[in-house]
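# Chain and residue survey
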Amino acid sequence: MPPSNPDFFDEGALVAVLTAQPLDRPLDYLAPEGGCHPGAFVEVPLGPRKVLGVVWGPGKGGFDLKKARSIIRVLDVAPMRDEMQEFLRRAADYTLTPMPAMLRLATRAPGLSNPPSMQKVYRLGEGEPTRITDARTRVFEVLRSYGGLGFTLKELSDQAGVTSSVVKGLVSQGAVREEDTPRDMPFAHLDPDLPSKALTEDQEAAAEALRKGLRSGAYGTTLLRGVTGSGKTEVYLEAVAEALRQGRQALVLLPEIALTAEFLNRVEVRFGARPAEWHSGVTMTERRRTWKMVGQGGAQMVVGARSALFLPFQNLGLIIVDEEHDTSYKQEDGVLYNARDMAVLRAAICGARVVLASATPSLESWANAEAGKYDRLELNARFGAAVMPELAAIDMRGQKLPSNRWISPSLQAAANARIAKGEQALLFLNRRGYAPTTICRACGHQIGCEQCDARMVEHRFQKRLICHQCGESAPLPTTCPSCGAEDRLAAVGPGVERLAEEAAALFPEARIAVLSSDLFGSARALKEQIEEIAKGAADIIIGTQLVAKGHNFPLLTLVGVIDADLGLQGSDLRAAERTFQLMRQVAGRAGRAERRGTALLQTFQPEHPVIRAILAGDEEGFWRAEADARRHAGVPPYGRMAGIILSSPDMQVVFDIGEDLARRDGPLRAVGAQVFGPAPAPIARIRGRHRVRLLVKAPKGAALQGAVAAWVAQVRLPPQARLSVDIDPQSF
Ligand code: ADP
Ligand code: ZN
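Per an unreviewed UniProt entry, the protein chain carries the name Replication restart protein PriA and comes from Roseovarius gaetbuli. Under Function (unreviewed entry), UniProt gives the following word-for-word description of the protein chain: "Initiates the restart of stalled replication forks, which reloads the replicative helicase on sites other than the origin of replication. Recognizes and binds to abandoned replication forks and remodels them to uncover a helicase loading site. Promotes assembly of the primosome at these replication forks." You can read under Subunit (unreviewed entry) in the UniProt record for the protein chain the words "Component of the replication restart primosome."

Right, let's get into the UniProt feature "domain: Helicase ATP-binding" (unreviewed entry) in the protein chain. According to UniProt, the feature "domain: Helicase ATP-binding" (unreviewed entry) maps to residues 213-379 in the numbering used here. Each end of residues 213-379 is marked by a C-alpha atom, and these two atoms are 18 Å apart; helix forms 38% of the span and strand 22%.

A word on the pairing of strand β13 (residues 353-358). Among the 6 residues in β13, 6 count as buried, and that is most of the element. When strand β8 (residues 220-226) meets β13, the two strands line up parallel, connected through 6 bridges. Note on β13: the bridge partner recorded for Thr-222 is Val-355. In terms of strand pairing, strand β12 (residues 316-322) meets β13 through 5 bridges, oriented parallel. Paired with Val-321 across the two strands is Leu-356, which belongs to β13. Since β12 and β13 lie parallel, the crossover through helix α10 (residues 339-350) that links them has a hand, and here it is right-handed.

This part covers the domain arrangement of the protein chain. Taken as a whole, the protein chain is organised into domain 1 (13-85 + 99-107), domain 2 (118-182), domain 3 (201-379), domain 4 (390-434 + 493-626) and domain 5 (639-727). Using only C-alpha atoms to locate each centre, domain 3 and domain 5 end up separated by 34 Å.

Geometrically, the link from Pro-636 to Pro-637 is a cis peptide bond, its omega value of 0° lying close to zero. Positionally, Pro-637 belongs in the loop between α17 (619-633) and β26 (639-648). Pro-678 follows Gly-677 through a cis peptide bond whose omega is 10°. Structurally, the position occupied by Pro-678 is in strand β27 (residues 674-686).

Scoring rules and cut-offs
- Residues numbered from 1 in each chain as written.
- Chains lettered and ligands numbered in written order.
- Predicted model: local features only at pLDDT ≥ 70, side-chain atom pairs only at ≥ 80, totals over all residues.
- UniProt positions renumbered as here; feature names shortened; annotations may be inferred.
- Helix = DSSP H or I, 4+ residues; strand = E, 2+ residues; numbered from the N terminus.
- Buried ≥ 20, exposed ≤ 12 C-beta atoms within 10 Å, placed from the backbone.
- Pairing = 2+ DSSP bridges.
- Right-handed = clockwise from strand over helix to strand, strands pointing away.
- Domains from an automatic or database assignment.

See below:
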């Protein structure tokens, strides 16, 4: 019998290895020559293949040991720590996700099993160049800029904007040194003791509270609430500094890749070097390096997207979730998890601190702070002279706009006044493309996606129709696909591209920039555009919710919301919360520097309670009213919910399974839970699959996961059908 918790397995011992393959449990293998530690990353044979796995514990045995296969080899990466194993287990239990899928999240670094390889890097040399040119000067500037960090030839020549022969020339003269180093090298050192900005009294008090939390060495979560521009980032960077001083790692989660560039610059100014990055825009090689260095302590700080939570931190001390209310923290396919909640779980397991930063917290976090589960810190004033914008509604019922016009005369006049003073105006419309609907004037047909329950959206710059659900696209047709009429297709409703057209007509002298995620080929192009705009390269900015998220435009003093009612349609109980947050975020873009800003909301329902709360700026009042409504309905955060999505190419099949499940609700009733549905899912068809949803509602303390697991285990799915469980769904 192997001991239950050995700290080493000798060669030939039977061990259980968890792989990311869809198997229902870890498989037994023999420990390889030299033995292995629990948690070791290994390569094992599986059928004819070799796959990555983790030594999960002692083997179960119960079969002919002569048939057992051996682990092929132990990989040269740090073993998975116990706390990471526990995190994956508990996250799996919470989200009702099989362990292999969790492990896949935790090993998303291609080429982990490749042996360490060498690469050439370049640093400043001792020699003097024979001749100084502009190109050579740029090379030296780059080499000096990151505190002696080595660059690959490509990084160096790209950043300096020179050809590789310029670098090679400097190498031959000894002015640049070429060295062989392991490919996965540590990240440049971040120095927490470089001078920081002088914080205001409020900011300093908040920073000190966070530092104190870190010094306690115990888990804790703090909700850091402060209006946009109040210095939340400055404050939490001081918490990061404290973690770094303690020799612990810090993770900063951002909701949007487009925000990382600006943030990385701020980190570099504060700590003298750039942190590791982890998101879909990072190259494969760089990801592998980050993954390994996070595990070995060669990365002090990581800035990333939600999946960075699954990196193998060696000594994690602090997790910041910036814009914690943002819906993009919820992963909506594969493993359905909310990174904000998982950050709290991870921190609780490893004794780290969490800071949830937002100008407009989620109702969940607000309620947790009210209940005393989270500490609360507030920054009420904007930094410097900046004050909160003045808010007003434009009642669209009185505006008598001609058809196909969306900018009211009042908004136009306000924008003109700002532009005349050399300031900027933002026209906000949360709709990408030219027009949301394309309709045939002959037969009334609306062009929809063939695979989804969604309209095809015209994108005029690209001259295509695009489905925003599945990404399917087609050239703009000239004849109606339904009745064949020629040239009778009409664009209905506005998207940002169409709004830009209207603005060009209304403001003929103004320079107009459109910021929408689909208009930029790369994150870099977008970043450059944002920087240009910040410097004043545009008078009018037309944008989707991309601009609502944290960019600084110092000259921007007017925000015009084209359709403040947009998010209030539909039956989603979270609509009010989302609209409130989005409108406050957008309004917060106005007047960040010395000039007072104004936000004007075009609305057809100025008496709507949500619109009134936004205008009054009565945040506490809004949250209380919203909390009462949710408490009354027994929905989160005052009750628990789970969504079950059934999907199949055949609509009848999924409805039948759904009804069958709804009838067999015994396991749910046993914990006081109720089931609703089946009903068409919020997206009723996607990529050719029909989707129905059942919603389970349970009292706050109920053992929801266990009941749901037992409940769904009762059905057998036909081959084409799929079932996925969404604990804490975003919409209900
Ligand atoms: P938030 O994260 O709350 O939106 P930021 O931390 O981004 O606020 O601060 C808004 C702007 O004000 C930034 O440009 C920031 O550098 C500046 N700022 C905030 N606090 C200070 C300070 N104490 N000293 C100097 N600049 C500050
Ligand atoms: Zn589609």
